[in-house]
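Examining the three-dimensional arrangement
Chain residues, written in single-letter form:
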Amino acid sequence: DRAARAASPPPPPPPAPLATLPAQGLAVLVGLPTAEDVHRHLFGRLSELTRKAYEADLLDLARYLGCSSSSEAVGAFLALAPAQAHSVTLGWLESMRLPREGHPEGLSAATQKRRVSALSSVVTLARALGVVSWVLKVEVRKGPKPNRTGYSPRVAAALCRACSDGLEGARD
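What you see is a predicted model; the values in this text were computed from it and never measured.

1. Things to note about the overall build of the protein chain
Looking only at helices and strands, the protein chain features nine helices and zero strands. Listed by position from the N terminus, the elements making up the protein chain come as α-α-α-α-α-α-α-α-α. Looking at the protein chain alone, contacts between residues at least 24 apart form 56% of all its contacts between residues at least 6 apart. In the structure as shown, the protein chain presents an accessible area of about 12,000 Å², 58% of it carried by carbon and sulfur atoms.

Encoded structure:
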């Protein structure tokens, strides 16, 4: 038995260190899904309207993260540790509440919820594919509703008194 072991060829060398692997790392060697796969699978299973909405939502995330595309943003986000991902999501959510072009009061709670839902869908799919092991749990709180009740009776009466008589006053 010892003689047979002594005559057998030496064991193969250990695999190359991970630092020498291609940019996509171990996933390339063993066929594990990547963030690009998550992005492709997510957009491949959505209806066209949902796909457009999610793409716009993830492009907003990309702008927030300083990425050039939604796919790049998905990859950067999924590479984060769970606590970092939640922190980034909360920061992104807070940025949606700030005034921006066309939205002086920030984005509506419904838009915020849809955007976080898009990101949550990405994480859920990534978890199902084994890319991440964590779940994204962020609650979108509703902000105060703007006052849209109109003028008080006192203000309405003052406005009517300020109008001139005749057709111009009736128009005003």
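Structure's up, so let's keep going.
2. Looking at the nonpolar core
Phe77 and Leu78 are the most contacted members of the largest nonpolar core, which totals 32 residues. Those elements giving two or more residues to this core turn out to be helix 3 (35-44), helix 4 (48-65), helix 5 (70-78), helix 6 (82-96) and helix 7 (109-128). Among the elements that line this core, the one with the most residues is helix 7, at seven residues. Those residues within four positions of Leu78 in sequence are excluded, and the remaining contacts are Ala35, Val38, Val122, Val123, Ala126, Val131, Val132 and Trp134.

3. Quick word on the pattern of salt bridges
One pass over the full model with this rule turns up eight salt bridges. The salt bridge involving Asp60 is made with Arg115; its shortest N-O contact spans 3.0 Å. In this pair, Asp60 sits in helix 4 while Arg115 sits in helix 7, placing the two residues 55 residues apart along the sequence. In this structure Asp60 comes out as buried when scored by relative accessible area, which is 7%. Note on Arg115: relative accessible area 10%, which makes it buried. Residue Glu94 is joined to Arg97 by a salt bridge in which the shortest nitrogen-to-oxygen separation is 3.2 Å.

4. So, helix 6
Between its first and last C-alpha, helix 6 extends 21 Å over 15 residues, near the 21 Å set by a 1.5 Å rise per residue. By the burial criterion, the buried members of helix 6 are Ala85, Val88, Thr89, Trp92, Leu93, Ser95 and Met96. Across the axial projection of helix 6, the buried residues extend over an arc of 160°, all falling on one side. Of the surrounding elements, those touching the buried residues of helix 6 are helix 4, helix 5 and helix 7.

5. Some remarks on the packing of helix 3 against helix 4
Where helix 3 contacts helix 4, the two axes come as close as 10 Å, and the packing angle between them is 145°. Taking contact as the criterion, the partners of His39, Leu42 and Phe43 in helix 3 are, on helix 4, Arg51, Tyr54, Glu55 and Leu58. Considering only residue class, the contact of helix 3 with helix 4 consists of four nonpolar, one polar and two charged.

6. What about the confidence of the model for the protein chain?
Per-residue confidence for the protein chain gives a mean pLDDT of 81; residues scoring 70 or more make up 78%. Between the elements of the protein chain, mean pLDDT differs from a low of 46, seen in helix 2 (residues 26-30), to a high of 95, seen in helix 6. In the predicted structure, residues 16-30 sits below a pLDDT of 50 and forms eight contacts with residues beyond four places in sequence or in another chain.

7. Comments concerning the packing of aromatic side chains
Tallying each qualifying case throughout the model produces one aromatic pair. Plain terms: the ring middles of Phe77 and Trp134 are 6.0 Å apart, the flat faces sit at 65° to each other, and that makes the pair edge-to-face. Of the two residues, Phe77 sits in helix 5 while Trp134 sits in the loop between helix 7 and helix 8 (153-162), which places them 57 residues apart along the sequence. An identical accessibility class is assigned to Phe77 and Trp134; each is buried.

8. Some points on the packing of helix 6 against helix 7
Between helix 6 and helix 7, the shortest axis-to-axis distance is 10 Å and the interhelical angle comes to 155°. With respect to each other, helix 6 and helix 7 are oriented roughly antiparallel. Note on packing geometry: the crossing formed by helix 6 with helix 7 is right-handed. Taken together, the residues of helix 7 that come into contact with helix 6 (itself represented by Thr89, Trp92, Leu93 and Met96) are Gln112, Arg115, Val116 and Leu119. Looking at the contact of helix 6 with helix 7, its residues break down into five nonpolar, two polar and one charged.

Cut-off values and rules
- Residues numbered from 1 in each chain as written.
- Predicted model: local features only at pLDDT ≥ 70, side-chain atom pairs only at ≥ 80, totals over all residues.
- Heavy atoms only, no water.
- Helix = DSSP H or I, 4+ residues; strand = E, 2+ residues; numbered from the N terminus.
- Contact = heavy atoms within 4.5 Å.
- Areas by Shrake-Rupley, 256 points an atom, 1.4 Å probe, with all protein chains shown as cover.
- Core = buried A, V, L, I, M, F, W, Y, C linked by side-chain atoms within 4.5 Å.
- Buried < 20%, exposed > 50% of the residue type's maximum accessible area, 1.4 Å probe, protein only.
- Salt bridge = Lys/Arg side-chain N within 4 Å of Asp/Glu carboxyl O.
- Expected span 1.5 Å × (residues − 1).
- Arc of directions from axis to C-beta.
- Axes fitted to C-alpha atoms, helices over the stretch in contact; angles between N-to-C directions.
- Nonpolar A, V, L, I, M, F, W, Y, C, P; charged D, E, K, R; others polar.
- pLDDT = per-residue confidence, 0-100.
- Phe/Tyr/Trp six-rings, centres within 6.5 Å; stacked < 30°, edge-to-face > 60°.
- Parallel < 35°, antiparallel > 145°, perpendicular 65-115°, else oblique.
- Left-handed = near helix turned anticlockwise from the far one by under 90°.

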